[in-house]
Amino acid sequence: MKTLIYIGNKSNAKGKSNVSAIDTLSLLLENSGFKVYSASSKKNILLRLLDMLFTCFKYRKKANFVLIDTYSTLNFYYAYFVSQLSRILGLKYIPILHGGNLPQRLKTSPKLSKAIFNNAFINVAPSIYMISAFKALGFINVVHIPNAIEIKQYPFKRRNYDTIKMLWVRSFSKIYNPFLAIQVLKTLKEQSIESELCMVGPDSDGSLEEAKMFAEELGVDVRFTGKLSKQDWISLSANYNVFINTSNFDNMPVSVIEAMALGLPVISTNVGGMPFLIEHGKRGILVEPNSVETLAQAVLNLFHSKHQANKTAIEARNFVEHFDWEFVKKQWFEVLK
């Protein structure tokens, strides 16, 4: 049995953050026979970093690899310090390249990026987009392993399209632009189109309260659920018939993969790795970012063509079945062998 240290942003015990990549993948790896020590769920920035570093030091003699969830913002610096400690301790480390804006970080922090990624055992990219971006800037030790789901947890449902029922699932953060979804609802209401919007997810940077105030200012009734467990939001999704993703930056979001698995047609902004996940007009609809009119029109077009909506949902489900852990774990086993 191989032992792994997994470093990332774990869900905290009070349940105020979404289930993250580390929560999902660490459990899948454990269920597949690996011993996994993980960090950190601490909220304080300094305490989180110290917990990550201490975990690496504590299990240094047991671990075969250190996995590091790597994003473009604050977590980038966590990844830097953990990777450099791993080098000092003689541990093989593997950055997992999640952040949709990570290619820009390579340009703004070239020295730190080289220290992290050039010295890695291998870099794992969940999307082809990220591999392309890294290789274009000279980082060649990158392999593609997609984000995984357990497909059996996602029952496919054929939707009814009598009224527009939009679902949005993400942490409330400015980079995910939740305000755009509310503006789309307002636009549809102004056209006297029967429609509703449910937004699922915890607050990340104060955007949840801002979104609630914004909906009130626009005079639209939005259902805000806060954070839900995976099973609860999957159950909730049965009441909705279109999934909207409004991000300004993105890579390979699990929430979109899950929506595709559930049979929800996806309309997403065309940013980052999204065109590698959604083939426009076939597995979903891509629109320009931060455009209320374009996104609202895409929603209307979908409902004017119910046959195409159902066809899109089926194509999407067939595609994401290849993200099932039974397929993806073979790729991880190859890297970790």
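Predicted model, so just to flag it, every value in this text is computed and none were measured.

Student: Any chance you could explain the overall build of the protein chain here in plain terms?
Tutor: Scanning the protein chain for helices and strands turns up 14 helices and 12 strands. Expressed as lengths along the three principal axes of its C-alpha atoms, the size of the protein chain is roughly 65 × 40 × 35 Å. Looking at the protein chain as a whole, 55% of its 337 residues qualify as buried. Of all intrachain contacts in the protein chain linking residues separated by at least 6 positions in sequence, the fraction that spans at least 24 positions is 73%. Carbon and sulfur atoms provide 52% of the accessible area of the protein chain, an area that totals close to 14,900 Å². Taken as two groups, the 40 positive and 27 negative side-chain charges of the protein chain have centres that lie 11 Å from each other.

Student: What is the right way to read the packing of helix H10 (residues 254-262) against helix H13 (residues 306-320) from this model?
Tutor: Packed helix pairs are characterised by how far apart their axes lie and by the angle those axes make with each other. Contact geometry for H10 and H13: axes closest at 7 Å, N-to-C directions at 120°. Taken together, H10 and H13 sit at an angle that is classed as oblique. Helix-helix and strand crossings are classified by hand; for H10 and H13 the assignment is left-handed. From H10, Ile257, Met260 and Ala261 reach across to H13, where they touch Ala313, Ala316, Arg317, Phe319 and Val320. Across the contact of H10 with H13, the residue classes break down as seven nonpolar, no polar and one charged.

Student: Sorry if this is basic, but what is going on with the environment of asparagine 101 here?
Tutor: Take asparagine 101: it is sitting in the loop between strand E4 (93-97) and helix H4 (102-108). Take asparagine 101: its relative accessible area is 27%, and that puts it in the partly exposed class. For the pair asparagine 101 and isoleucine 175, spaced 74 residues apart in the sequence, the C-alpha separation amounts to 9.7 Å. Those residues in contact with asparagine 101, other than ones at most four positions away along the chain, are Ser72 and Phe249.

Student: Explanation requested: the side chain of asparagine 310 in the structure shown.
Tutor: Structurally, the position occupied by asparagine 310 is in helix H13. The residues contacting asparagine 310, other than those within four sequence positions of it, are Arg158, Arg159 and Tyr161.

Student: Would you mind showing me how to read the nonpolar core here?
Tutor: Burial of nonpolar side chains together is a common tendency in soluble globular proteins. Among the nonpolar cores identified, the biggest contains 34 residues, and Met166, Ile182, Leu197, Ile244 and Ile267 are the most heavily contacted of them. Breaking this core down by element, the ones donating at least two residues are strand E7 (164-169), helix H7 (178-190), strand E8 (195-200), helix H8 (207-218), strand E10 (242-245) and helix H12 (292-304). At eight residues, H12 tops the list of elements feeding residues into this core. Counting 29 residues, the second-largest nonpolar core is a separate cluster that includes Ile151, Val169, Phe243 and Val320.

How each quantity is defined
Residues numbered from 1 in each chain as written. Predicted model: local features only at pLDDT ≥ 70, side-chain atom pairs only at ≥ 80, totals over all residues. Heavy atoms only, no water. Helix = DSSP H or I, 4+ residues; strand = E, 2+ residues; numbered from the N terminus. Buried < 20%, exposed > 50% of the residue type's maximum accessible area, 1.4 Å probe, protein only. Contact = heavy atoms within 4.5 Å. Areas by Shrake-Rupley, 256 points an atom, 1.4 Å probe, with all protein chains shown as cover. Lys, Arg positive; Asp, Glu negative; His and termini not counted. Charge placed at Lys NZ, Arg CZ, Asp CG, Glu CD. Axes fitted to C-alpha atoms, helices over the stretch in contact; angles between N-to-C directions. Parallel < 35°, antiparallel > 145°, perpendicular 65-115°, else oblique. Left-handed = near helix turned anticlockwise from the far one by under 90°. Nonpolar A, V, L, I, M, F, W, Y, C, P; charged D, E, K, R; others polar. Core = buried A, V, L, I, M, F, W, Y, C linked by side-chain atoms within 4.5 Å.

Don't take any of this as a statement about function, it's just geometry.
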